[in-house]
Amino acid sequence: MEVLAAALAVGLAAIGAGVGNGMIVSKTVEGIARQPELQGKLQTTMFIGVGIVEVVPIIGVVIGFLAFFS
């Protein structure tokens, strides 16, 4: 049962991060298309947002390990 919990935690975290990253990048591209002069600021903000979103699967892996090994 612990293996199933670990797999669900990691899988759902990966799906959530993928959806989040897709939304961030699509809105950034849309913003750059509307105002090309803000490309540098928008890309910087995008990379910060993607970094924050990528924490979700890392936490999912940690929770999965905790569920598996406890």
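Residues numbered from 1 in each chain as written. Predicted model: local features only at pLDDT ≥ 70, side-chain atom pairs only at ≥ 80, totals over all residues. Heavy atoms only, no water.

Asks: Can you help me understand the overall build of the protein in this one?
Replies: Along the backbone of the protein there are 3 helices and 0 strands. Going from the N terminus to the C terminus, the protein shows its helices and strands as α-α-α. Here the C-alpha radius of gyration of the protein, 16 Å, is well above what a compact globule of 70 residues would show, namely 11 Å. Along the first, second and third principal axes, the C-alpha set of the protein runs to 50 × 15 × 5 Å. Across the 70 residues that make up the protein, the buried fraction comes to 20%. Look at the contacts in the protein between residues 6 or more apart in sequence, and 76% of them connect residues 24 or more apart. In the structure as shown, the protein presents an accessible area of about 5000 Å², 77% of it carried by carbon and sulfur atoms. (Helix = DSSP H or I, 4+ residues; strand = E, 2+ residues; numbered from the N terminus. Rg over C-alpha atoms; globule rule 2.2 N^0.38 Å. Buried < 20%, exposed > 50% of the residue type's maximum accessible area, 1.4 Å probe, protein only. Contact = heavy atoms within 4.5 Å. Areas by Shrake-Rupley, 256 points an atom, 1.4 Å probe, with all protein chains shown as cover.)

Asks: Explanation requested: the side chain of Asn21 in the structure shown.
Replies: Examined against the element boundaries, Asn21 turns out to sit in helix 1 (residues 2–34). Leaving out residues up to four positions away in the same chain, Asn21 has contacts with Val50, Val53 and Glu54.

Asks: Whenever I open this one, the UniProt feature "transmembrane region" (unreviewed entry) in the protein confuses me. Can you help?
Replies: This chain's UniProt record puts "transmembrane region" (unreviewed entry) on residues 46–69. The span residues 46–69 carries 96% helix and 0% strand; its end-to-end C-alpha distance comes to 35 Å. (UniProt positions renumbered as here; feature names shortened; annotations may be inferred.)

Asks: In this structure, what is going on with the UniProt feature "domain: V-ATPase proteolipid subunit C-like" (unreviewed entry) in the protein? I would like to understand it.
Replies: According to UniProt, the positions carrying the feature "domain: V-ATPase proteolipid subunit C-like" (unreviewed entry) are residues 4–66. The straight-line gap between the two end C-alpha atoms of residues 4–66 is 13 Å; of that span, 92% is helix and 0% is strand.

Asks: Hey, could you run me through the packing of aromatic side chains in this one?
Replies: What characterises a pair of aromatic rings is the spacing of the ring centres plus the angle enclosed by the ring planes. Across all of its chains, the model carries 2 aromatic pairs by this definition. Joined through ring pairs, the aromatic side chains of Phe65, Phe68 and Phe69 make up one cluster. (Phe/Tyr/Trp six-rings, centres within 6.5 Å; stacked < 30°, edge-to-face > 60°.)

Asks: What am I meant to see in the packing of helix 2 (residues 39–53) against helix 3 (residues 55–69) here?
Replies: The angle between the axes and the distance between the axes are what describe a pair of packed helices. Relative to each other, helix 2 and helix 3 sit at 10°, their axes nearing to 4 Å. The angle between helix 2 and helix 3 falls in the class roughly parallel. Every residue of helix 3 that contacts helix 2 at Gly51, Ile52 and Val53 is listed here: Val55, Val56 and Pro57. The class makeup of the residues in the contact of helix 2 with helix 3 is 5 nonpolar, 1 polar and no charged. (Axes fitted to C-alpha atoms, helices over the stretch in contact; angles between N-to-C directions. Parallel < 35°, antiparallel > 145°, perpendicular 65-115°, else oblique. Nonpolar A, V, L, I, M, F, W, Y, C, P; charged D, E, K, R; others polar.)

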